[in-house]
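# A structural walkthrough
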Amino acid sequence: MHKLVEKQRQFFLTHTTLDIRYRREALKKLRTALRKWEPRICAALETDLGKCAMETYMTEIGMVQAGLSDALRHLSRWSRPKRVMAPLAQFPSRCRVVPEPYGVSLIISPWNYPVLLCLDPLVAALAAGNCCVVKPSSMSPATSAVLAEMLGSIFPPAYVSVVLGGRESIGALLEQKFDYIFFTGSPKVGHVVMEAAARHLTPLTLELGGKSPCIVDESANVRVAARRIAFGKILNAGQTCVAPDYLMIHASRKEEFVAEYRAAVQEMLGEEPLQNKEFTHIINARHFERLCGLMRDARAVVGGRSDAESLRIEPTLLDGITSDSAAMQEEIFGPILPMMTWEKWNDVEDFVLSRPRPLASYLFTTDSTAEKRFISNLAFGGGCVNDTIIHLAVHGLPFGGIGDSGMGAYHGKAGFDTFTHYKSVLTKGNWLDLPFRYHPYNGLKSRILRLFLR
C-alpha cells in the first residue's frame with residue numbers, strides 16, 4: 001500500500017494532472033468506458049443485488065454519466081482562478097483565489113450503490129486534478145471486480161488504482177498518508193476512518209446515513225405521497241442512505257395512507273412482490289436476518305412477508321410503533337417503513353430534533369407555512385418537499401450530511417470544491433512602497449492607518 005501511494009504521489013508531483021486538458025481526457029475516457037462496460041456492470045449488479053437493468057441505469061450508470069457531462073461542461077470555469085478585490089490599504093496589489101488539487105486522494109465506497117458511490121466521487125476528484133486510490137466494497141464482489149478491471153483498462157495505476165479486499169485492505173490503506181479521504185458508509189466505520197485521518201491531519205468527507213424522517217401532514221395529497229414514499233422504499237429494496245426511514249403521518253390521514261400505500265406497492269410490484277424479479281434483494285443473509293428482526297415487535301399493515309432463499313422482503317408498513325420499537329433504534333436500510341401518528345406540528349419538531357440530525361428529511365404538504373417551518377426549523381443534510389430521494393439526482397444541489405449523518409458535500413461544483421484546495425494569492429507591485437506600516441509609528445502614520453483600516 002505504501003508503494004502504491006508513493007507511486008501516485010510521484011506521478012502527482014510531475015504536475016501532469018494540473019493540465020485541464022489531461023483532466024478532460026480522463027473524464028472522456030471514463031465516459032466512453034462506462035458505455036462499453038455497461039452490459040458487464042449490469043450483469044455484476046444483478047449478481048450482487050439482483051438489480052434489474054433499468055434500475056441499474058437509472059440509479060447508477062445514468063447518474064454517473066450525468067455527472068461526467070456536468071463536469072466536462074463546467075470544468076474550465078470551475079478551474080479558473082477567481083479575482084478578489086484588493087483593499088485600498090494593500091495598494092498596489094491584486095488578489096486571486098487559485099484552485100489546486102489536494103494531491104493523492106482515497107475514495108472508500110459502499111455496497112448499496114457500488115457503481116454510483118464509487119465513480120461519482122472519482123469524477124469529482126479527477127476533475128479537480130487529483131490522483132486516486134479507490135477502495136470498493138467487498139460485499140459487492142462482482143461489481144467491485146468489474147470496476148477494478150474497467151478502471152485498470154483506461155488509467156495507469158499511478159493515476160487511478162483500485163484496491164480490492166475486505167477490512168484488512170481498508171486498514172492497510174488508512175495507515176498511509178493521503179492528501180484527502182472520501183468515505184461513504186456507516187457511522188460506525190466512519191468513526192474509524194476519521195480517527196485514522198486525524199493521525200495524519202488528513203482532511204476528509206464523510207457521507208454516512210441515519211434515520212431520515214418522512215412527514216405527511218393533514219393537507220397532503222395522500223395518494224401522491226403514498227406512491228412517492230413507496231418508490232423511496234422499493235428503490236434498491238430500501239438499501240439507500242436517503243430512503244425514508246420512518247413515517248410520521250397526521251392521525252387524520254393514517255387509514256387513507258395505509259390503503260394508498262398498499263395500492264402503490266401492488267401497482268409497482270404486483271400482488272406477489274417476492275416473486276418479482278425486478279425487485280432488488282437484500283445484500284446478504286446477515287442483513288436479511290437483521291431486517292426480519294426489526295419487524296418482530298410491530299404489526300405489518302402492508303406486506304410483512306419474506307423469503308430467505310431469494311433474500312427478498314416485501315415492502316412493509318409497520319403499525320404500533322413507538323420510539324422504543326426495534327425499528328426505531330437503528331437505520332433500517334431495507335424495504336420496511338415504521339409508522340407513527342401525530343396531531344400537532346410541535347410534536348413532530350420535538351421528536352425529530354431530539355434525535356441525531358439525519359442525512360435526509362421529507363415533507364408532504366400543500367401548506368406553505370408547514371413547508372417554511374420544515375425548512376427553517378429542522379436540521380438535515382438535504383431533502384424534498386412532496387417527494388423522496390430525487391434531490392440527489394440534481395447535480396446543482398450539494399449532497400451531504402450534517403452532524404451524525406456526515407460532513408462535507410459533493411455533486412457538481414460541490415464535488416469539485418470537495419477535492420480542491422483554494423489557494424489565496426496576493427501579488428504586490430514594486431513601483432510604490434507605502435511607508436505607513438513600517439516602524440517607527442508616529443501620530444501621522446497612526447491617523448493614516450486608521451483611515452485605511454476601518
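As a starting point, this report considers the structure included with it. A quick note: this is a predicted structure, and the numbers were derived from the prediction, not measured.

## Examining helix 4 (residues 116-128)
Structural remark: α-helix, 3.6 residues per turn; residues separated by three or four positions point the same way. Spanning 13 residues, helix 4 covers 18 Å between terminal C-alpha atoms, matching the ideal 18 Å at 1.5 Å per step. Across the 13 residues that make up helix 4, a large majority, 13, are buried. Positive backbone phi, at 100 degrees, marks G129, one or two positions downstream of helix 4.

## Let's talk about the packing of helix 2 (residues 20-49) against helix 4
Their axes nearest at 8 Å, the elements helix 2 and helix 4 cross at an angle of 155 degrees. Classified by the angle between their axes, helix 2 and helix 4 sit roughly antiparallel to one another. The crossing of helix 2 and helix 4 is left-handed. Seen from helix 2, the contacting residues are R23, L27, L30 and L34; seen from helix 4, they are L119, V123, L126, A127 and A128. Here the contact of helix 2 with helix 4 is composed, by residue class, of eight nonpolar, no polar and one charged.

## Quick look at the packing of helix 2 against helix 5 (residues 141-154)
Contact pair helix 2 / helix 5: the axes reach a minimum separation of 8 Å and the direction vectors enclose 165 degrees. As far as their axial angle goes, helix 5 and helix 2 are roughly antiparallel. Here helix 2 and helix 5 pass one another in a crossing that is right-handed. Counted together, K29, L30, A33, L34, W37, R40, I41, A44, L45, T47 and D48 of helix 2 and P141, A142, T143, V146, E149, M150, L151, S153 and I154 of helix 5 form the full contact between these two elements.

## What to know about unusual backbone geometry
Leaving glycine aside, a negative phi is the common case for residues, and trans is the common case for peptide bonds. Looking along the chain, the bond that leaves F91 and enters P92 is cis, with omega of 0 degrees. Position of P92 among the secondary structure elements: in the loop between strand 1 (82-84) and strand 2 (93-101). A cis amide bond links H439 with the next residue in sequence, P440, at an omega value of -5 degrees. Looking at the element boundaries, P440 is found in the loop between strand 18 (420-428) and helix 14 (443-452). Unlike most non-glycine residues, N386 shows phi in positive territory, near 70 degrees. Looking at where N386 falls in the secondary structure, it is placed in the loop between strand 16 (382-385) and strand 17 (406-407). Positive phi is not limited to glycine here, since I389 has a value of about 70 degrees. Mapping I389 onto the fold places it in the loop between strand 16 and strand 17.

## Some remarks on the environment of V146
Checked against the element boundaries, V146 lands in helix 5. In the structure, V146 is positioned 103 residues away from A43 in sequence and 9.7 Å away in space, judged by C-alpha atoms. Look past the residues within four positions of V146 in its chain and what remains in contact with it is W37, R40, I41 and A44.

Calculation notes
- Residues numbered from 1 in each chain as written.
- Predicted model: local features only at pLDDT ≥ 70, side-chain atom pairs only at ≥ 80, totals over all residues.
- Heavy atoms only, no water.
- Helix = DSSP H or I, 4+ residues; strand = E, 2+ residues; numbered from the N terminus.
- Expected span 1.5 Å × (residues − 1).
- Buried < 20%, exposed > 50% of the residue type's maximum accessible area, 1.4 Å probe, protein only.
- Axes fitted to C-alpha atoms, helices over the stretch in contact; angles between N-to-C directions.
- Parallel < 35°, antiparallel > 145°, perpendicular 65-115°, else oblique.
- Left-handed = near helix turned anticlockwise from the far one by under 90°.
- Contact = heavy atoms within 4.5 Å.
- Nonpolar A, V, L, I, M, F, W, Y, C, P; charged D, E, K, R; others polar.

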